[in-house]
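Each chain, letter by letter, is given below.
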Amino acid sequence: MLAGIVIILFFLLVAVLAPMLAPYDPNVLGILYLKSYRAHLLGTNDVGQDIFSELIYGTRVSLMIGVFTSLIVTVVAAVLALIAGYYRGVADAVITALTNVTMGLPSLALTVLLVSYLNPGKLSIILAIAVTAWTGTTRILRSRVIQLCNMPFVKIEQAIGVRNEKIMVRHLLPNLRDIILTRAATSVSAAMMTETGLSFLGLGEYGEKSWGSILHYAFYQNGVLRGYVWWYLPPIICTALAVLGFMLLGYYGMQRRSG
């Protein structure tokens with residue numbers, strides 16, 4: 001867990017302090033295809049922009065999309081799970097059917113299609129990813145809510161006439177906290193991977209600096225064939241490390257629950 005926290009805090013600090021850490025404005029043009037040296041730690045790209053500065057500013061976009069997507073997914077999943085697991089009946093049947101249908105859809109293809117038709121931008125990417133990402137969390141939380149609703153403390157609250165909304169907020173949600181935090185952490189890593197893939201395919205916001213967009217231009221300009229390791233390898237490493245950090249937190253949460 002400690003390793004995951006350290007990794008996440010490192011990238012959060014980089015994102016917050018990007019203007020102070022980046023040696024150049026990532027949008028300023030310069031000499032093309034410079035190799036790594038003291039003035040440009042990771043060289044320059046096909047239009048002369050400093051790749052190290054791009055990488056630092058790209059942390060902001062990748063983390064922001066991951067965190068906000070996870071927030072939407074977690075809130076939607078928690079609300080649907082509470083309604084389905086607590087009220088059961090028609091509400092449960094409808095939400096379960098919607099969950100099953102959505103899980104059967106090809107999520108990556110649907111996400112690509114939505115991003116292609118929506119106005120380009122970070123909000124479009126966040127919404128497109130969140131459309132199918134809530135299903136797994138909903139199913140897990142729903143099962144736990146059903147278990148909790150069969151426990152004596154919930155039955156007593158219902159018997160004495162406590163409002164349903166109060167029971168869900170004061171008694172059910174606190175008992176879902178560990179699952180919610182664990183699933184939220186894994187949702188961030190999944191969203192970051194998806195955003196990187198979308199930007200790599202050229203579906204990110206034009207001119208926006210993200211790890212995926214750096215990869216996109218590196219491959220588009222044949223950076224791999226030309227052996228420009230300093231161009232395409234750093235965003236891959238950053239994405240892998242950030243995903244690892246959130247996955248370690250999620251894994252710790254699962255181990256804690258099972259223990």
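Analysis parameters
- Residues numbered from 1 in each chain as written.
- Predicted model: local features only at pLDDT ≥ 70, side-chain atom pairs only at ≥ 80, totals over all residues.
- Heavy atoms only, no water.
- Helix = DSSP H or I, 4+ residues; strand = E, 2+ residues; numbered from the N terminus.
- Buried < 20%, exposed > 50% of the residue type's maximum accessible area, 1.4 Å probe, protein only.
- Contact = heavy atoms within 4.5 Å.
- Areas by Shrake-Rupley, 256 points an atom, 1.4 Å probe, with all protein chains shown as cover.
- Phe/Tyr/Trp six-rings, centres within 6.5 Å; stacked < 30°, edge-to-face > 60°.
- Axes fitted to C-alpha atoms, helices over the stretch in contact; angles between N-to-C directions.
- Left-handed = near helix turned anticlockwise from the far one by under 90°.
- Core = buried A, V, L, I, M, F, W, Y, C linked by side-chain atoms within 4.5 Å.

Trainee: Residues and numbers for the overall build of the protein chain, please.
Mentor: A tally of regular secondary structure across the protein chain gives 11 helices and 0 strands. For the protein chain, the N- to C-terminal ordering of α and β elements is α-α-α-α-α-α-α-α-α-α-α. Projected onto the principal axes, the alpha-carbon positions of the protein chain cover approximately 75 × 40 × 25 Å. In the protein chain, buried positions account for 43% of the 259 residues. Considering only residue pairs separated by 6 or more positions, the protein chain has 69% of its internal contacts joining residues 24 or more positions apart. Of the roughly 13,600 Å² of accessible surface on the protein chain, 68% is carried by carbon and sulfur atoms.

Trainee: Can you explain the packing of aromatic side chains? Please cite residues and give values.
Mentor: One pass over the full model with this rule turns up 9 aromatic pairs. Measuring from ring centre to ring centre gives 5.0 Å for Tyr228 and Trp230, while their planes differ by 40°; the resulting arrangement is tilted. For the pair formed by Tyr228 and Trp230, the shared burial category is buried. An aromatic cluster of three or more residues is present, and its members are Tyr33, Tyr228, Trp230 and Trp231.

Trainee: Describe in detail unusual backbone geometry, supporting the description with residues and values.
Mentor: For residues other than glycine, phi is negative in most cases, and the peptide bonds are mostly trans. Backbone geometry at Tyr33 places phi at a positive 55°, although glycine is not the residue there. Tracing the chain through its elements places Tyr33 in the loop between α2 (18–21) and α3 (51–87). The exposure class assigned to Tyr33 is partly exposed, which follows from its relative accessible area of 25%. Not every positive phi belongs to a glycine, and Arg88 is a case in point at roughly 50°. Along the polypeptide, Arg88 turns up in the loop between α3 and α4 (89–103).

Trainee: Could you give an account of the environment of Gly58, with specific residues and numbers?
Mentor: The topology assignment puts Gly58 in helix α3. As for Gly58 and Met168, which are separated by 110 residues in sequence, their C-alpha atoms are 39 Å apart. Dropping the residues within four chain positions of it, Gly58 is found in contact with Lys209, Ser210 and Trp211.

Trainee: Got a sec to walk through the side chain of Thr59? Specific residues and values, please.
Mentor: Counting through the fold element by element, Thr59 comes out in helix α3. What makes Thr59 buried here is its relative accessible area of 2%.

Trainee: Tell me about the environment of Leu105, residues and numbers included.
Mentor: The residue Leu105 is located in the loop between α4 and α5 (107–117) in this model. Taking the relative accessible area as the measure of exposure, Leu105 reaches 39% and is therefore partly exposed. Taking C-alpha positions, Leu105 is 8.1 Å from Thr132, a pair spaced 27 residues apart along the chain.

Trainee: A description of the packing of helix α9 (residues 164–200) against helix α10 (residues 211–220) should follow, citing residues and the corresponding values.
Mentor: Two elements in contact, α9 and α10, have axes separated by 7 Å at closest approach and are oriented at 35°. Where α9 crosses over α10, the handedness of that crossing is right-handed. Note on element contacts: α10 touches α9 through Trp211, Gly212, Ser213, Leu215, His216 and Phe219, opposite Met192, Thr196, Ser199 and Phe200.

Trainee: Please set out the nonpolar core residue by residue, giving values where relevant.
Mentor: Residues Phe11, Leu55, Leu63, Met192, Trp211, Trp231 and Phe246 are the most contacted members of the largest nonpolar core, which totals 21 residues. Counting only elements with at least two residues in this core, the list comes to α1 (2–16), α3, α9, α10 and α11 (229–258). Counting residues per element, this core draws most heavily on α11, at 6 residues. Judged by nonpolar contacts, the second largest core, of 16 residues, contains Ala81, Leu82, Cys149 and Ile179.

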